[in-house]
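Working through the structure, step by step
Residues per chain are reported as follows:
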Amino acid sequence: MPKGPGNKSCHNVRTDCTAPGLRQAVLDNLYYVSGNTPVTASAQDWYDAVAYCVRDRMLKAWNEGIERITKALDLRAVAYLSAEFLIGPQLGSNVLALGIAEPLREALATLGQDLDAIVDGEHEPGLGNGGLGRLAACYMDSMATLGVPAIGYGIHYEFGMFTQTIRDGWQVEMADKWLRQGFPWEIVQHEFAVEVGLGGSTETFLDAGGRLRVRWNPEKRILAVPHDIPVIGYGGTFCNVLRLWSAEAVDAFDFGSFSSGDYGKAVEEKILSETISKVLYPNDEPYQGKVLRLGQQYFFVSASLRDMLRVQQMLGKPLDTFHTTFAIQLNDTHPAVAVAELMRLLVDGHGMEWERAWAVTTKCFSYTNHTLLPEALEKWPVELFGGLLPRHLEIIYEINRRFLEEVRAAYPGDEGLAARLSLIDEASPRSVRMAHLAVVGSHAVNGVAALHTELLKTHVMQDFAALTPQKFCNVTNGVTPRRFLALCNPRLAACITSRIGPAWINRFEEEIGKLEAFADDPGFQAQWRGIKRENKAALSALAEKHLGVALNPDAVFDVQVKRVHEYKRQHLNILRVIALYSAIKRDPGAEFSPLAVLFGGKAAPGYFMAKRVIKLIHNVAQVINGDPDVGGRLTVAYIPNFNVRVGQVVYPAADISQQISLAGKEASGTGNMKFGINGAVTMGTLDGANVEMRQCVGEENFFLFGLTAPEVVEVKRNGYDPRAYAATDPVLGQALDMIASGAFSAGDREIFRPIVDNLLYQDEYMVLADFASYMHCQALVMEACRDTARFTRMSILNVARLGKFSSDRSIRDYCRDIWNITPELG
Ligand code: OX2
């Protein structure tokens, strides 16, 4: 009897999970889908044939999943609204979820094909910037694994995150044409397409019952077409859907213009409409004037809400029970306009009374905040907003009028408070505060790590927290142990399973702690180190191939991979590297254990300073790697185009994970967790989720340095003077001097001046204040690394004690504290 999630009772070429059955299915797809035989098939043809074969085996769970949401009257599903879903490569994770890796590998081997090579060849959809988008994808994985009915709603960008190439040390961006070869995992559902309006004006009218109503007459309409991607849970029985909207013209072209010979004008509308889902916006860019971005946000939010209302009506449930059908999570403020849109749909569209509509709306929505950086809090100039969404602006004014009435009733006379809480920032230009809209329209607001939530409540959203303290809660982020351990680190996964069994894969929090019993077992320790070495050799091979840099697998791999941003302080890391280099130069004969410092990450295309930091790292690498005095003991490499796929090779190979943001700036971080569960020990500040990770692994298994968040505030209050640090710390002074004097730029003193001057005269992220503490910590790290047994124990305990950071735990928290949903599995 064939095993697997498909039809278990009969052999079927679309469901059979035995090696012969899979072999036949792949051959069939090759022949009938791609029009090929094994003789003519390209690598892409093989990939497609295997992908369709795997997708077939997901369809039973997929169809059951859709039926579940559209049939069950008493079911509450999560609608996860996110402008980004960074789902990563799909083939490997789907094979893992279905549990068919071995028969599939065997089947392909009989065809002369290697499953791993096919998996590695996948071009990933880069539909996100970084942590926020990847978190959404981890949550989709966990919801499917735990049996939480969910739909992820987002945008089907034609061009995702740019591809980063490096030329002469500079980042060069290239368009990401991820759809060029097609994407076998999606199914386009034309029958569920909806029209979305933009622009135009509003008018009032009396309805049949004599009530005053408002009608929005949009200037243009765009068709939103859903592309569905299955998200299957581990075990292969429960499947949710990721529904991504792409923009199309309502009419393919204007026949009037076409027949009068104006062909350009005939297709103009089509081109304009399609630009809405054309490209993902890189974050870290100022929001000014980004009409298109607001258009994108409204576009996917409106289509998604209308899709949910369709389900509600299909179920035959009355509209005022909408919140019992959907718990709608706003992933940051990007989809916050949903609050106004749902009000519009209920009040204008269905004639519901304002108060009833507001009760339904606030019971539906909850909002996750992901940032403390004031410049990242979205604000839209009122004029821009009203031009694109005139009716929504009116609704926001009305929400605000009623809200401020309550505020004034609770705090009479406190006009300052009312101004601070208002959904409208009255400073010029007047603008809509999207975070305020999200908070007022939601019944729950959460931060993404304990420290972050605390800082939200005491600083950024202090007034809201005082007004409605019950709304605020914390859900610390997590990452999926399927992709970020079982899939990306098969050697370590097998080793763990051999000791504690396989239950850790979907019960990470409960099971992984059992590994602690082996932390001091010399045999286990040796095996552990052997695996890390193999993973480092694999990464070295890639670095050699793509960068021509030789990394010594016996060196300590010290890694910082994440978006490049001043608050994340890649420049602090490179200053440390320069200081280590100077120490070697001063005394080339002194003992220095081999160290490989690796960087990776993209900078926003318009972020001058971040791009210059990338250039600095490259130049420093060139000097150090080529210096015979160093003799390969210290190597620096920049891994280009960091994305999910590259991460899956990097995390398993790291010994030390750099999590060095200035305390109080990183909301959570999730790379810290991905490194930790692969056995890297963190060198970090008390920022974001580092704080909780350190509590879990124990302070002796974490390398701590730097100011705390309250100390940061204190030092700034007393007048922070970075130059004083440079003047009194000779190591720091010399490192800065080397950059300034052109030691890494062939004598050019101008190229890095902006970095050095910024550090000396501004240093908003207090790199110089934390430098000495970082160097001291570095010495402790090197000492620990020399004690192999001690360091291996630290590494094992990092894995064993990080059970809390599974995204399954986060999703259980959301289910219990925010969504009021009971997971069906696990
Ligand atoms: C990121 C945060 O910067 C990061 O700290 C966090 O781990 C991640 O979101 C997931 O919660 N854009 N990206 C983020 O916030 C924003 C805004």
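Residues numbered from 1 in each chain as written. Predicted model: local features only at pLDDT ≥ 70, side-chain atom pairs only at ≥ 80, totals over all residues. Heavy atoms only, no water.

Per an unreviewed UniProt entry, the protein goes by the name Alpha-1,4 glucan phosphorylase and belongs to Desulfolutivibrio sulfodismutans. Its UniProt record gives the protein a comment under Function (unreviewed entry), which states: "Allosteric enzyme that catalyzes the rate-limiting step in glycogen catabolism, the phosphorolytic cleavage of glycogen to produce glucose-1-phosphate, and plays a central role in maintaining cellular and organismal glucose homeostasis." The Sequence similarities (unreviewed entry) comment attached to the protein in UniProt states, word for word, "Belongs to the glycogen phosphorylase family." (UniProt positions renumbered as here; feature names shortened; annotations may be inferred.)

A few points about the sheet that holds strand S13 (residues 379-381)
Taken together, three strands build an open sheet; the order of strands is S13-S15-S14 and the sheet is antiparallel. Taken across any chain shown, the strands that pair with only one partner, and hence form the sheet edges, are S13 and strand S14 (424-425). In terms of strand pairing, S14 meets strand S15 (residues 431-433) through two bridges, oriented antiparallel. Bridge pairing in S15 places Ile-424 opposite Val-432. (Pairing = 2+ DSSP bridges. Helix = DSSP H or I, 4+ residues; strand = E, 2+ residues; numbered from the N terminus.)

Quick look at the domain arrangement of the protein
On domain assignment, one finds that the protein holds domain 1 (1-57 + 100-123), domain 2 (58-89 + 124-476 + 813-819) and domain 3 (481-805). Look at where the C-alpha atoms of domain 1 and domain 2 centre, and you get two points 37 Å apart. Residue-level contacts link 14 residues of domain 1 with 15 residues of domain 2. Across the contact surface, domain 1 and domain 2 share zero salt bridges. Taken together, the connections running from domain 1 to domain 2 amount to nine residue pairs in polar contact (both at pLDDT 80 or more). Taken together, the residues of the side of domain 1 that touches domain 2 break down into five nonpolar, four polar and five charged. (Domains from an automatic or database assignment. Contact = heavy atoms within 4.5 Å. Salt bridge = Lys/Arg side-chain N within 4 Å of Asp/Glu carboxyl O. Polar contact = N/O pair within 3.5 Å; in protein donor to acceptor, adjacent residues only side chain to side chain. Nonpolar A, V, L, I, M, F, W, Y, C, P; charged D, E, K, R; others polar.)

As for the nonpolar core
Core analysis: the biggest nonpolar cluster contains 151 residues, and Val-54, Leu-81, Met-143, Ile-328, Phe-385 and Trp-819 have the highest contact counts within it. Ranked by residue count, the leading element in this core is helix H10 (residues 291-314), at 10 residues. Built from parts of two domains, this core gets at least three residues from each of domain 1 (1-57 + 100-123) and domain 2 (58-89 + 124-476 + 813-819). Each residue touching Val-54, except ones within four places of it in the same chain, is listed here: Leu-91, Asn-94, Val-95, Leu-98, Ile-100, Leu-104 and Trp-185. Grouped together as the second largest cluster of nonpolar side chains are 73 residues, Leu-373, Ile-574, Tyr-607 and Ile-739 included. (Core = buried A, V, L, I, M, F, W, Y, C linked by side-chain atoms within 4.5 Å. Buried < 20%, exposed > 50% of the residue type's maximum accessible area, 1.4 Å probe, protein only.)

Here we look at the site of the ligand
Around the ligand sit 14 residues, and of these His-370, Asn-477, Glu-666, Ser-668 and Gly-669 come closest. Glu-666 places a side-chain nitrogen or oxygen 2.6 Å from an oxygen atom of the ligand. In this structure, Ser-668 approaches the ligand through a main-chain N or O atom, which is 3.1 Å from an oxygen atom. Protein coverage of the free-state accessible area of the ligand, which is 400 Å², stands at 88%. Residues of the shell around the ligand, tallied by class, amount to five nonpolar, seven polar and two charged. Summarising the domain contributions, the shell around the ligand has at least three residues from each of domain 2 (58-89 + 124-476 + 813-819) and domain 3 (481-805). (Near = heavy atom within 4 Å. Areas by Shrake-Rupley, 256 points an atom, 1.4 Å probe, with all protein chains shown as cover.)

Describing the packing of helix H33 (residues 767-786) against helix H34 (residues 788-800)
Running from N to C, H33 and H34 point in directions that differ by 105°, and their axes come no closer than 5 Å. Here H34 runs roughly perpendicular to H33, going by the angle between their axes. Residue-level contacts link Glu-783, Ala-784, Cys-785 and Arg-786 of H33 to Thr-788, Arg-790, Phe-791 and Met-794 of H34. Taken together, the residues of the contact of H33 with H34 sort by class into four nonpolar, one polar and three charged. (Axes fitted to C-alpha atoms, helices over the stretch in contact; angles between N-to-C directions. Parallel < 35°, antiparallel > 145°, perpendicular 65-115°, else oblique.)

Let's talk about the packing of helix H24 (residues 570-586) against helix H25 (residues 608-625)
Any two packed helices are characterised by how steeply their axes cross, that is the angle between the axes, and by the distance between the axes. Where H24 contacts H25, the two axes come as close as 10 Å, and the packing angle between them is 20°. Judged by the inter-axis angle, H24 sits roughly parallel to H25. You can see that H24 and H25 cross each other, and the crossing is left-handed. Contacts from Gln-570, His-571, Ile-574, Val-577, Ile-578 and Tyr-581 in H24 reach Val-613, Leu-616, Ile-617, Val-620, Val-623 and Ile-624 in H25. (Left-handed = near helix turned anticlockwise from the far one by under 90°.)

Some thoughts on a negative patch on the surface
Judged by side-chain charge, Glu-195, Glu-219, Asp-251, Asp-254, Asp-262, Glu-268 and Glu-269 come together as a negatively charged surface patch. Within the fold, Asp-254 resides in the loop between strand S10 (239-249) and helix H8 (255-259). Relative accessible area serves as the criterion here: at 35%, Asp-254 is assigned to the partly exposed category. (Patch = residues over 30% accessible without salt bridge, like charges linked within 9 Å, V, L, I, M, F, W, Y side chains within 5 Å. Lys, Arg positive; Asp, Glu negative; His and termini not counted. Charge placed at Lys NZ, Arg CZ, Asp CG, Glu CD.)

Notes on empty space enclosed by the protein
Per the counting criterion, the structure on display carries eight cavities of 30 Å³ or more. When its volume is computed, the largest cavity comes out at roughly 260 Å³. Around the largest cavity, the lining is made up of 21 residues, and of these Gln-90, Ser-93, Asp-141, Val-231 and Arg-483 lie nearest the centre. Going through the elements one at a time, helix H4 (91-98), helix H7 (131-146), strand S9 (220-232) and helix H20 (481-487) are the ones with two or more residues in the lining of the largest cavity. Take the lining of the largest cavity: its biggest share by element is five residues, from H7. Residue classes in the lining of the largest cavity are distributed as 11 nonpolar, six polar and four charged. (1 Å grid on protein atoms, 1.4 Å probe; cavity = no way out; pocket = protein on both sides within 12 Å on 5 of 7 lines; lining within 4 Å. Points joined across faces, edges and corners; volume = space filled by probe spheres on them.)

Overview of the UniProt feature "modified residue: N6-(pyridoxal phosphate)lysine" (unreviewed entry) in the protein
Look at the UniProt record and you will see "modified residue: N6-(pyridoxal phosphate)lysine" (unreviewed entry) annotated at Lys-674. Positionally, Lys-674 belongs in helix H27 (residues 671-676). Look past the residues within four positions of Lys-674 in its chain and what remains in contact with it is Arg-134, Val-479, Phe-484 and Tyr-651.

What to know about helix H2 (residues 43-56)
Taking 1.5 Å of rise per residue, the 14 residues of H2 would be expected to cover 20 Å, and the 20 Å separating its terminal C-alpha atoms lies within 8% of that figure. Of all 14 residues in H2, 11 are buried; the element is thus mostly enclosed. Those residues of H2 not exposed but buried are Asp-45, Trp-46, Tyr-47, Asp-48, Ala-49, Val-50, Ala-51, Cys-53, Val-54, Arg-55 and Asp-56. Contacts made by the buried residues of H2 are with helix H1 (19-32), helix H3 (59-71), H4, helix H5 (101-109), helix H6 (115-120) and strand S5 (187-188). (Expected span 1.5 Å × (residues − 1).)

Quick notes on a nonpolar patch on the surface
A cluster of nonpolar side chains, namely Tyr-31, Tyr-32 and Val-33, defines an oily patch on the protein surface of about 380 Å² accessible area. You can see Tyr-32 is positioned in helix H1.

Points about the side chain of Arg-809
Mapped onto the fold, Arg-809 is located in helix H35 (residues 807-819). Reaching out from Arg-809, the side chain makes a polar contact with the backbone oxygen of Lys-804 at a distance of 2.7 Å. When residues no more than four places from it in sequence are discounted, the contact partners of Arg-809 are Val-475, Thr-476, Asn-477, Glu-509 and Lys-804.

Some words on the packing of aromatic side chains
In the structure shown here, the tally under the stated rule is 20 aromatic pairs. Aromatic pair Tyr-720 and Tyr-725: ring centres 5.7 Å apart, planes at 55°, arrangement tilted. Put simply, the rings of Tyr-80, Phe-85, Tyr-139, Tyr-814 and Trp-819 touch in pairs and so form one group of aromatic residues. Above the ring of Phe-162, the side-chain terminus of Lys-602 is found at 5.6 Å from the ring centroid. (Phe/Tyr/Trp six-rings, centres within 6.5 Å; stacked < 30°, edge-to-face > 60°. Lys NZ or Arg CZ within 6 Å of the ring centre and 35° of its normal.)

Topic: the environment of Phe-300
Structurally, Phe-300 is set in helix H10. By relative accessible area, Phe-300 is classed as buried at 0%. Once the C-alpha coordinates of Phe-300 and Pro-226 are considered, the two residues, 74 residues apart in sequence, prove to be 9.8 Å apart. What Phe-300 contacts, discounting residues up to four positions off in sequence, is Leu-81, Ser-82, Ala-83, Tyr-153, Gly-154, Ile-155, Trp-245 and Pro-335.

Some words on the pairing of strand S7 (residues 201-206)
Alignment of S7 against strand S8 (residues 212-217), held across six bridges, turns out to be antiparallel. Looking at S8, one finds that Thr-202 is bridged to Trp-216. The loop that links S7 with its antiparallel partner S8 comprises five residues; one of these, Gly-210, has a positive phi angle of about 80°.

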